[in-house]
Structures are given as structure tokens and as C-alpha cells.
Amino acid sequence: MAVKKEAHHKYRVVGTRPIRPDGIEKVTGRALYGADYYFPGMLFGKILRSPYAHARIKSIKFDKALKLPGVRAIVTADDLPEADRKPQQMGEQQVSPYYLSCNVLARGKVLYDGHPVAAVAATSPHIAEEALRLIEVDYEPLEPVMTADEAMKPGAPILIDDLRNQEEGPDQPTNVATHLQFKRGDLAAGFDAADCVIEREFRTATVHQGYIEPHASVGIWNPDGHATVYTCTQGSFTVRTLATKVLGMPEGNLKVVPSEIGGGFGGKTTIYCEPIALLLAKKTGHPVKVTMSRSEVLRATGPTSGIHERVKIGVTKEGRITAAQVWMAYEAGAFPGSPMAPGAMTVITSYDIPNLLIDGYDVVVNRPKTCAYRAPGATAAAFGVETVLDELAEQIGIDPLDLRIMNGAHEGTQQPFGPVFKRIGFIETCEALKASEHYNSKLTGANRGRGVAAGFWFNAGFQSSASVYVNQDGTASVVTGSVDIGGSRASMAMIAAEVLGLPIDEVRPVVADTDSIGYTDVTAGSRVTFATGMAVYNAAQDVVRQLKERAAKMWECTPDDVEFDNGVLRTRGDVLQPQQLTLKELAARFIRTGGPVVGRASVSTGGAGAGPAFAAICVDVEVDPDTGKVQILRVTIAQDVGTAIHPSYVEGQLQGGTAQGIGWALNEEYVYDSKGVLRNTGLLDYRMPTCLDLPAIETILVEVPNPTHPLGVRGVGEVSIVPPPAAIANAIYRATGVRMRELPMSPPRLMKALQEHRNSREGQAAAGR
Amino acid sequence: MHEIHYEAPTSLEQAVGILAKHGDSARPICGGTDLLIQMRAGVRRPHYVVDVKHIAALTGIAFDPKSGLRLGAAAPCIEIFENATLRRHYPGLVEAAHLIGSLQIQSRASVGGNLCNGSPAADTTPALIALGAVARLVGPKGERQVKVEEFVVSPGRTVIQPGELLVELLIPPPPPHSADAYIRFIPRNEMDIAVVGIGAAITLEGDRCTAARIGMGAVAPTPLFAAKASQALVGKKFDAVAIENAAQLAIEQASPIDDMRGTAEFRRHLVGVLTRRTLERAAERARRN
Ligand SMILES: Cc1cc2nc3c(=O)[nH]c(=O)nc-3n(C[C@H](O)[C@H](O)[C@H](O)COP(=O)(O)OP(=O)(O)OC[C@H]3O[C@@H](n4cnc5c(N)ncnc54)[C@H](O)[C@@H]3O)c2cc1C
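The model shown is predicted, which means the values in this text are computed figures rather than measured ones.

A. Geometry of the overall build of chain B. From N to C terminus, chain B includes 12 helices and 14 strands. The C-alpha atoms of chain B give a radius of gyration of 19 Å, which matches the 19 Å a tight globule of 289 residues would have. Considered along the principal axes of its C-alpha atoms, chain B spans approximately 60 × 45 × 35 Å. Once local pairs closer than 6 in sequence are excluded, the contacts in chain B between residues at least 24 apart make up 62%. Counting 32 positive and 29 negative side-chain charges, chain B places the averaged centre of each group 1 Å from the other.

B. Broad picture of the environment of Q93 of chain A. Residues and elements named next belong to chain A. Inspection of the secondary structure assignment puts Q93 in strand β6 (residues 93-95). Here the alpha-carbon distance between Q93 and T238, two residues 145 residues apart in the chain, equals 9.7 Å. Setting aside chain neighbours within four positions, we find Q93 in contact with Q88, T238, L242 and T269.

C. Summary view of the domain arrangement of chain B. All names here are of chain B. When cut into domains, chain B gives domain 1 (5-51), domain 2 (61-171) and domain 3 (179-288). One C-alpha centre belongs to domain 1, the other to domain 2, and the line joining them spans 18 Å. Between domain 1 and domain 2, the contact holds 14 residues from the first and 17 residues from the second. Taking both partners together, domain 1 and domain 2 bury about 1100 Å²; carbon and sulfur atoms supply 65% of that area. In this assembly, domain 1 and domain 2 are joined by three residue pairs in polar contact (both at pLDDT 80 or more). Sorting elements by how many residues they give to the side of domain 1 that touches domain 2 places helix α1 (residues 12-22) first, with five residues. Partitioning the side of domain 1 that touches domain 2 into residue classes produces seven nonpolar, four polar and three charged.

D. Layout of the domain arrangement of chain A. Residue and element names in this part refer to chain A. Per the domain assignment, the segments of chain A are domain 1 (1-31 + 419-459 + 608-769) and domain 2 (463-604). A C-alpha centroid distance of 38 Å is found between domain 1 and domain 2. Counting from both sides, the interface comprises 28 residues of domain 1 and, opposite them, 24 residues of domain 2. Among the residues domain 1 hides against domain 2, the three largest losses belong to R12, V13 and P21. Together they make up 27% of the total. At the junction of domain 1 with domain 2, the criterion picks out one salt bridge. Note that R489 and D22 form a salt bridge whose closest N and O atoms lie 3.6 Å from each other. Viewed at the interface, domain 2 and domain 1 are joined by nine residue pairs in polar contact (both at pLDDT 80 or more). Looking at side-chain class alone, the side of domain 1 that touches domain 2 contains 12 nonpolar, 11 polar and five charged residues.

E. Quick look at the sheet that holds strand β1 (residues 5-7) of chain B. All names here are of chain B. Across the sheet, three strands lie side by side as β1-β3-β2; this open sheet has parallel pairing. Bordering the open sheet on either side are β1 and β2 (26-29), each of which pairs with just one other strand. Ignoring which end each strand starts from, the neighbouring axes of this sheet average 25 degrees apart. In terms of strand pairing, β2 meets strand β3 (residues 48-51) through four bridges, oriented parallel. Residue pairing across strands places A26 opposite Y48, the latter belonging to β3. Against the sheet, α1 makes contact with β1, β2 and β3, and its axis sits at roughly 145 degrees relative to β2, the strand it touches most.

F. Looking closely at the sheet that holds strand β9 (residues 136-141) of chain A. Residue and element names in this part refer to chain A. Ordered by their spatial adjacency, three strands build an open sheet running β7-β3-β9, and the pairing between neighbours is antiparallel. For this open sheet the edge positions go to β7 (109-110) and β9, each flanked by a neighbour on one side alone. Strand direction decides the pairing type here: strand β3 (residues 55-61) and β9, joined by six bridges, are antiparallel. Residue pairing in the sheet places K61 in a bridge with E136 of β9.

G. Layout of the side chain of T76 of chain A. Residues and elements named next belong to chain A. Assignment of secondary structure puts T76 in strand β4 (residues 71-76). Judged by relative accessible area, T76 falls into the buried class, the value being 6%. Setting aside residues up to four positions removed in sequence, T76 forms contacts with I60, F62, L105, V117 and A118.

H. Quick look at the interface of chain A and chain B. The partner chain B presents 23 residues to the 30 residues of chain A that form the contact. Interface of chain A and chain B: buried area, both sides summed, is about 2300 Å²; carbon and sulfur atoms make up 53% of it. Together, K629, L684 and R687 of chain A form the three largest contributors to the area buried by chain A at its contact with chain B, with a combined 22%. Between D624 of chain A and R277 of chain B there is a salt bridge, with its nearest N and O atoms 3.0 Å apart. Put simply, the parts of the chain that give the side of chain A that touches chain B at least two residues each are α4 (125-134) and α21 (747-768) of chain A. The leading source of residues in the side of chain A that touches chain B is α21 of chain A, at five residues.

Conventions adopted
- Residues numbered from 1 in each chain as written.
- Chains lettered and ligands numbered in written order.
- Predicted model: local features only at pLDDT ≥ 70, side-chain atom pairs only at ≥ 80, totals over all residues.
- Heavy atoms only, no water.
- Helix = DSSP H or I, 4+ residues; strand = E, 2+ residues; numbered from the N terminus.
- Rg over C-alpha atoms; globule rule 2.2 N^0.38 Å.
- Contact = heavy atoms within 4.5 Å.
- Lys, Arg positive; Asp, Glu negative; His and termini not counted.
- Charge placed at Lys NZ, Arg CZ, Asp CG, Glu CD.
- Domains from an automatic or database assignment.
- Buried area = accessible area lost by both parts, 1.4 Å probe.
- Polar contact = N/O pair within 3.5 Å; in protein donor to acceptor, adjacent residues only side chain to side chain.
- Nonpolar A, V, L, I, M, F, W, Y, C, P; charged D, E, K, R; others polar.
- Salt bridge = Lys/Arg side-chain N within 4 Å of Asp/Glu carboxyl O.
- Pairing = 2+ DSSP bridges.
- Axes fitted to C-alpha atoms, helices over the stretch in contact; angles between N-to-C directions.
- Buried < 20%, exposed > 50% of the residue type's maximum accessible area, 1.4 Å probe, protein only.

Next comes the structure, spelled out in C-alpha cells:
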């Protein structure tokens with residue numbers, strides 16, 4: 001893979017591709033995932049879920065179920081304290097503990113097909129399942145509201161009785177939780193100054209993160225009120241905060257042990273099974289394991305929003321964008337909190353536009369409560385804007401990448417919501433794609449087309465802690481609280497090895513539980529290599545500082561007179577008699593020089609965080625004109641990645657996001673029946689791309705170092721998912737002449753559009769005759 | 001708790017005896033690639049599962065140029081598409097068997113199970129219909145034979161009576177200058193259930209079609225024999241006009257539904273596209289035979 005090196009590589013370990021330290025355990029099946037924990041006396045929990053999309057719970061009777069031999073306890077929302085309604089900042093997200101609690105176990109009303117209503121603990125999973133059949137729930141079905149359009153109509157059925165928003169006022173029940181607006185300049189004047197204005201409407205479907213490992217947790221409750229939960233999560237500390245809020249217990253009383261994780265993509269940044277396992281453990285006095293099936297995962301865990309979007313953009317004939325207006329409504333699912341805000345904050349931020357108006361609405365509907373998904377909100381938003389830009393480029397007759405480069409954001413550009421960009425690599429990224437062999441190759445053959453699109457994602461920062469321990473033999477361990485999803489153990493070890501001058505295999509990375517390391521936010525927002533990496537860098541520097549102190553003591557000089565280079569301590573020759581000691585030699589003398597050396601650091605890197613990331617993608621497709629089926633022939637993605645610590649894992653992130661973006665574009669969607677019951681609750685009919693649907697995904701790493709990180713690290717995990725749907729739509733247009741404005745661009749939908757296009761062409765031809 | 005007993009008889013008599021004794025609460029299991037999933041989902045809840053894979057009469061594959069193919073109901077798909085004789089004589093059936101699931105699934109899944117499961121979208125069923133296959137059943141009252149196109153009565157229900165087993169499928173030998181083919185449409189390139197599947201077998205004497213059978217899957221509550229479309233080809237010159245005519249007749253017979261795998265409108269459209277493509281592929285093969 002091509003690596004365009006802008007960063008000057010003065011590094012020894014950073015930028016190399018060592019084998020990941022957790023690799024052997026994973027490929028030999030020894031690594032423990034969420035469902036792999038077993039404890040003596042452990043019980044099995046199962047969750048009873050609503051068959052209705054929208055209903056009032058009139059009563060729940062479970063005496064029959066409790067009588068079934070082997071059943072030990074049943075819990076409902078009545079077993080949870082009524083949590084605080086006020087939204088609170090919890091790690092990455094603003095969450096109302098009350099809504100969170102109502103999502104864990106429904107209180108009074110069920111708001112989506114699959115909403116948990118009760119849970120059983122029994123001596124075997126089969127008995128627990130049998131018991132679910134014996135629980136009698138009396139529902140009063142209500143009319144489901146499945147789309148933002150329906151939910152925003154006056155007189156629509158209301159999901160949450162006390163939901164209000166500022167605009168409509170305190171007396172008006174509503175399904176709109178928030179309206180957000182960003183404004184700049186004079187919109188009307190901006191459109192007047194344009195030579196070409198295009199306005200279009202778009203829709204995207206609800207899609208799931210599609211992590212392969214279903215959620216699983218084991219709860220253990222001690223009689224003294226202390227508890228432990230083993231769970232598959234992206235953020236052990238987030239689970240601790242959220243679960244203790246829902247259970248009404250002090251945060252310090254819960255230890256969260258994160259398992260290995262089989263994917264999350266944002267979907268494992270909240271809680272589902274954890275409080276239920278803990279509640280059942282408390283009631284029974286036994287460890288309780290709760291695991292979800294695939295269908296439970298699809299029905300009731302974090303998809304991301306389907307959206308309705310209107311985009312209007314004006315350009316001069318030279319290609320200068322004069323004004324843009326975007327209106328978006330995001331389906332939040334059952335409770336407020338769609339990724340509308342990040343959607344609105346990213347939708348057109350790649351471009352420097354003088355006149356802007358962006359409106360975003362967060363709307364509740366009878367679908368599962370959405371959860372973060374890789375660059376939350378940005379992919380659906382970009383679909384409209386990046387498609388309209390393609391149309392505009394065609395209208396005024398310029399290269400679509402040139403249009404993006406001409407208007408691209410750069411150092412000093414103000415973002416629509418205020419902050420000014422520091423050093424960023426958007427233009428470099430588009431230029432790298434434009435210069436690629438792929439973009440300059442000739443695409444031949446019938447029904448084929450090439451499309452491009454770009455995307456932006458902020459990347460998060462937040463808080464991280466790290467400890468670095470130097471062992472007596474001079475090796476080291478690096479302890480963090482960041483769950484390893486994308487190979488971060490390797491990157492953390494590499495950063496410490498770089499600073500300490502150790503070979504990579506002498507640094508052991510460890511992911512600790514919440515009792516064993518300082519607070520660390522979720523593995524999400526592309527923040528780990530940036531923020532936890534910064535903590536590791538600082539902790540390793542803390543070790544170096546202490547090593548210098550030890551050496552100075554031995555050499556009877558000041559620490560300032562000691563240099564540390566590549567694992568060797570030396571006196572500064574100009575000052576003193578030359579002395580030299582390796583890290584290993586010094587480690588053997590720790591016992592006599594003050595004991596073990598422990599480096600530690602914590603960072604709070606703020607919301608702006610891991611430096612803005614940009615991606616641009618080029619896709620070649622072939623469309624079967626008889627069936628509407630799209631084959632992806634070739635894909636190249638260029639991304640501004642800052643300094644690539646482990647280039648293979650950076651490429652992996654680009655490829656993974658692109659693959660998910662392709663799935664989102666072509667076939668993934670939640671299909672509900674007329675009553676709001678989810679029809680495709682398995683991976684057979686929730687169609688993510690398989691190996692045979694994807695070509696090798698080519699990557700171009702554009703390394704523009706991030707000035708806010710000591711090694712130049714930029715978040716790399718998310719932005720690659722943003723451009724694919726628009727690029728594919730643009731490619732389909734080039735292949736067929738049809739503009740697709742609704743996702744997914746599945747065969748039935750594309751076939752219909754192709755037929756309409758042919759009919760209208762025939763109609764026009766007939767009229768012309 | 002719901003109890004499940006597993007039985008593994010080694011003779012047909014034993015199997016029929018167990019099935020007859022337990023009636024509706026017993027269910028044959030072959031590869032289990034449909035049944036186990038349905039049991040997990042709670043769709044079927046048998047108390048007795050009777051494994052048919054240990055009965056010799058159900059596992060054989062025997063081809064005779066005169067009498068044709070006896071395909072044991074329990075023979076796994078992998079043995080079908082790894083069998084050179086079958087590849088030679090029934091390439092359409094082989095391509096249908098090859099489409100089912102992954103290698104792991106194909107090592108367990110049987111054509112018999114595919115048919116007895118009664119899904120309108122089963123991939124091998126249209127291929128069997130195209131070949132004029134007949135199912136041989138044995139039960140407490142003896143033996144009977146049923147044409148494959150009459151085997152499935154509604155989604156998930158077949159002609160099988162309590163106590164009965166599908167023993168084998170009887171497929172006539174391919175006539176000279178004939179061949180079969182099966183093509184399905186799926187939105188992805190693997191791991192999907194047919195949105196529409198079309199099987200066709202045709203015989204060509206020069207440029208004339210002397211025999212044709214078209215089977216259709218996923219276009220109605222049960223797999224269908226496209227009788228009118230098939231007959232319309234017979235005795236005619238095999239050309240684009242004839243193919244188009246057959247495709248239109250096939251579309252007329254289809255009565256598909258809207259579901260998560262495609263709209264009715266899209267399915268009708270696909271019947272035309274796939275009938276054309278399958279006939280062309282079968283013809284290309286027939287011209288070489
Ligand atoms: C991942 C996956 C992918 C799949 N892909 C496809 C696909 O692409 N196309 C497709 O058509 N199917 C597919 N299937 C479905 C399934 O694999 C096939 O239908 C398969 O042929 C079933 O065969 P089996 O031997 O496993 O049947 P079983 O599950 O053992 O049985 C199916 C039914 O037939 C009955 N039965 C079985 N044998 C007999 C007998 N001898 N007499 C009477 N009744 C009997 C059983 O009681 C049961 O009701 C897929 C399944 C999975 C899990």
C-alpha cells in the first residue's frame with residue numbers, strides 16, 4: 001500500500017509493522033470474549049422482549065414462571081430505582097439516566113419491537129427461556145410511529161408523554177427532542193451570487209453497526225454491596241458510570257472487567273445486559289450471565305439513525321461555493337439522542353463556505369434507541385451533500401475532486417459551529433486521490449462508472465490514564481484502561497518502546513479493569529491512539545525522568561546532566577566525565593537506588609481531541625442493467641492519518657470503514673412490517689457485505705502530523721465510513737445516468753429507478769418525434 | 001422444561017416405526033441446517049428428532065444411463081457437487097446444490113432436507129422440477145411416489161404425513177442433446193436466500209426445442225412448474241422470440257409477494273430476466289451434448 005510520507009520519520013519503532021501482542025491468543029481461540037466467562041454456581045439470564053413497537057404495559061404477571069423448577073429470580077423495571085431525568089455528561093455522551101434506565105427495562109410503555117420488559121435467572125439457559133414463555137404481559141397496543149416524517153406531523157402519536165422542546169414550548173407534547181441550527185452570512189445573497197443552484201432531497205435507512213460478537217455480561221454481587229461485572233464493552237469506565245446511575249449505587253462499588261471485544265463500532269458504548277446481570281445477581285446471590293442472540297442484537301441494540309435530508313448548494317461557474325443550506329431530521333429511536341448534532345457539525349465542514357444555514361432535528365420513533373456508529377451522524381449527512389457536489393461539478397463542467405479542492409477547508413478555515421481549523425490535510429487528501437493511479441486509470445466496459453466523494457470527522461479527545469512499569473530485567477509493561485479493538489495494544493507498546501528505547505517485544509501492553517487504572521474514556525471517537533497514546537507517551541517520559549534521577553544520584557550529578565537516548569543513559573560529555581548505563585543495567589540496581597520505577601500519566605485532551613480527519617474515496621462500479629445489482633470493482637481511499645504508528649492497523653481502519661460504508665450504501669437496512677415489527681433479525685437478511693462483495697480496498701495514507709500530539713497522531717478510525725455511500729451513488733450515476741437519493745441502493749430500488757429512467761427517456765424520445 | 005429425545009435408527013423400518021409412534025411430536029432430522037435453526041427460534045418444537053443420516057437407503061447416489069439418478073434424500077450437497085458423473089449429467093442440479101450456504105453448511109445440508117423443509121425459495125427444488133424428479137416416500141402404510149412440483153403444499157408444509165419419510169429422489173436420465181441449468185438472484189454474491197430462482201432443462205434437436213421444463217422458486221407460496229412457459233417452447237425454433245415468449249408466460253404464472261428480500265414487482269421482473277438467462281445457459285450446454 002502506498003504511504004505518502006509527509007511526516008519526517010525519525011522514529012525507530014513508530015511506523016513499523018510488528019506482529020500484534022494479542023494476536024496469538026486471538027487466533028488460537030484462547031482470548032476470552034464476553035460470553036466466555038464461567039463462574040461456580042453461575043446462573044443464566046434471559047430477557048423477555050416486547051412483541052409490539054408501541055404499547056402500554058398494563059400488567060406483568062410472573063408467578064407461573066417463578067414456579068418453574070430451576071428459576072431463581074425475575075426482574076422488571078420495578079426492581080430499578082427511578083433514575084434522574086436530567087441529561088448528564090457521561091463520558092462521550094449526554095445521557096438522561098432515566099431514559100437509559102427505561103431502555104434497559106421498559107417502564108410503563110414499550111417503545112420498540114424487542115424492548116426489554118423482564119428478565120429471568122435460572123439454572124440453565126433453556127429453563128430461563130422456558131420461563132420467558134410463562135410470563136404474562138398484558139399490553140395495550142398503540143399506533144407505532146416509524147419515521148421522522150410521521151413523528152413530526154402535527155397530531156402524530158406521542159412516544160414520550162413529557163418530552164418537550166424549547167421551540168414548541170412547555171405545553172406542547174412532541175416527538176422532536178431537539179432542534180439545532182448553525183447560521184453564517186447572508187444565505188439569500190449567497191444563492192443570488194451563484195450561477196448554478198441545486199436542491200435535492202435524500203433518505204437513508206436505519207443500519208446496524210454489525211459487530212460480530214453479541215453483547216454478553218456476567219454480574220457478580222457481594223453481600224457488602226460491592227459488585228463486579230465482566231462485560232464486552234468499548235468502555236469499562238463508561239459502563240461503570242452508566243450502570244451505577246441506573247442501579248442507584250456508588251460508582252466506586254462497581255468493578256468493570258472488560259473482555260476482549262469482537263467489534264463495537266460505537267455500538268458498545270452504552271449498557272444493555274450489564275445492569276440486568278447485576279440486578280439478577282443481587283436478587284439470587286449467584287453470578288448471572290446474560291448473553292444476547294443475534295436477533296436480540298439487531299432488534300434492541302444500537303443501530304444508527306435513518307435520516308431525511310434536504311440539501312441546497314450554489315456555485316459560481318468558476319466553481320466557488322457561495323452558499324449552502326442543509327435540513328436534516330434524524331430518527332433517534334425510542335429515546336432522544338440521535339447523532340444529529342455531530343451530523344450537523346460535519347455535514348459541510350470540509351468546505352469553506354461564506355453563507356450557511358444548517359438545521360438538525362432529533363426525533364423519537366418506535367425503533368431501537370440509536371447508539372454511536374463510526375463517525376456518528378456523518379455518513380448519512382454526507383450522502384446528500386457529496387451527491388449534490390457531484391451534480392454541481394458536472395453542471396459547471398469541472399472535475400469533482402477539483403471542486404472539492406477549490407473549496408476545501410484548510411488551516412484557518414472557520415467551522416460552521418465556531419472553532420477554527422489548525423493544521424489539517426483535507427486538500428492534501430483530495431490531491432493524493434487525484435494523483436492516484438486509480439483515479440488516472442481508464443475505466444472501460446459497459447454499465448461501469450466511477451464516483452468520488454469526501455468526508456470529515458472531528459475525532460474525540462477526552463480523558464485517559466496510563467502506567468508504565470519497568471521490570472527488574474529492564475523490560476516494561478504498559479497498563480491502560482482502553483479496550484483494544486483495532487490493535488491498540490500494539491500501538492501502546494510501540495509508543496512506550498519508542499520512548500524507552502526498548503525492542504517492541506520487551507514491552508507488554510495490558511488492558512486493566514476499572515479498579516486497576518485511572519479513569520479512561522471509551523475506545524471510540526478515534527481517540528485511543530491519540531489520547532491514551534499521549535498518556536502512554538507521557539508515562540514513558542515520566543519513567544525516563546525517574547531513570548535520569550537515579551543515574552544522576554549514582555553519578556553524583558544533576559538529572560539535567562544526564563541524557564537518555566535509545567535505552568542508554570549517559571552523562572553529557574561537555575560537562576562531566578563520561579559515564580554510561582543501559583536501561584537494563586539500571587533496572588538491575590533499582591533495589592539499591594529507590595525501588596521499582598513506575599511511570600504514570602493522565603491526560604484530558606478536550607472535546608476537539610484527536611485532530612480533524614478527512615478522507616476521499618474513488619469507487620468503480622458495474623451495474624447489472626437487468627437486475628439493478630451493483631458490483632464494486634475497485635476502491636481507493638485516501639485519508640489524512642497524521643503519524644501512522646502501526647501502518648497496517650491504520651490501513652485496517654480505512655478498509656474496515658470503507659467496507660461498512662459499502663454495506664450501508666448497497667444493502668443494509670432495517671425492514672419493518674406494517675405494525676413496526678422488525679422482519680430481518682438475522683445476518684442472512686440484514687445484508688452486510690461478504691468477502692465476495694468487496695474488492696481489495698486500496699489505501700493511501702496521507703501523513704499530515706497533528707500539531708496537538710507529541711508524535712503527530714491523528715484519529716484514524718472513523719472517517720473512512722463517511723464517503724463511500726455518496727461515492728457509490730455518484731459512480732452509479734456515471735454507469736447508468738440515474739441519480740440515487742435513497743439508501744440503500746439495493747437491487748429492487750435501483751432496478752425501479754433504472755426502469756423509470758428508461759421509460760422517461762422513451763417518453764422524451766417519443767415526444768421529440 | 002421442553003425435552004428433546006434424539007434417535008438414530010439404522011433401518012427404514014425402525015425410522016418409520018419411531019416416527020409413526022410419536023406422530024406430530026416427532027420430526028426427521030438430516031443435516032439440521034433448517035431444523036435446528038427453527039427449533040432455536042421456537043418455530044418447531046419436536047420432542048423426538050429422528051436422525052435419518054444412518055439409514056443406507058437414504059444416503060446413496062446411484063446413476064444409471066438407462067434408469068437415471070437415484071439420489072438419496074440424506075446425501076449431503078457436497079457429495080453431489082463433488083460427484084463427476086452428476087456434474088456431467090445434471091449440471092443445473094449441481095449448481096443449485098453448490099449455492100446452498102457455505103462449505104460447512106454444504107457438508108451437512110441435503111437435497112432431501114431442502115425439499116422437505118417446504119420453503120418456496122429452496123434452491124434445489126426448481127432444479128429438481130426442471131429435471132422432472134419424483135420423490136419416493138415410505139411410511140407406515142407403505143410406499144408412494146409424488147412429483148416434486150406437487151410436494152410442497154404451502155410455505156413450510158409438504159405432502160409428508162406423520163410417520164412418512166422421503167427416501168430418495170428419482171430423476172430420469174438426461175436425453176441426448178439436453179442439459180439443465182439453475183440461476184438464482186441474490187442481492188449479495190453469497191450467503192443469501194433466493195429472491196427468485198429459475199431452473200430449466202431443455203433438449204435441442206438442431207435449432208428446435210423438443211423438450212423443456214422450467215421450475216420456479218420464490219415466486220409463489222410453493223415452488224412451481226412453469227407449465228405454460230415450458231410447453232410454449234416445445235416444437236418451436238429456439239430463438240430470442242421463443243425465449244421471450246416463455247419468459248412472459250413465466251411472469252404471468254408468478255404470484256410473488258413483497259418482503260424483505262424484494263418487492264413483488266421486482267420479483268416478477270426477475271422471473272423474466274432469470275428465465276431468459278437460465279434458458280440460454282441450459283441451451284449453451286445442450287448444444288455441446
Ligand atoms: C447459513 C445457511 C445458509 C443457507 N443457504 C441456503 C441457500 O443458499 N439455499 C437454500 O435453498 N437453503 C439454504 N439454507 C437452508 C438449508 O441449508 C437447506 O434447506 C438444506 O438443504 C436443508 O437440508 P438439511 O439436510 O440440513 O435439512 P434439515 O434441517 O435436517 O431438515 C429440514 C426439514 O426437512 C425435514 N426432513 C429432512 N429430511 C427428511 C426426510 N428424509 N424425510 C422427511 N422429512 C425430512 C426435517 O424434519 C425438517 O423439517 C441455508 C441454511 C443456513 C444455515
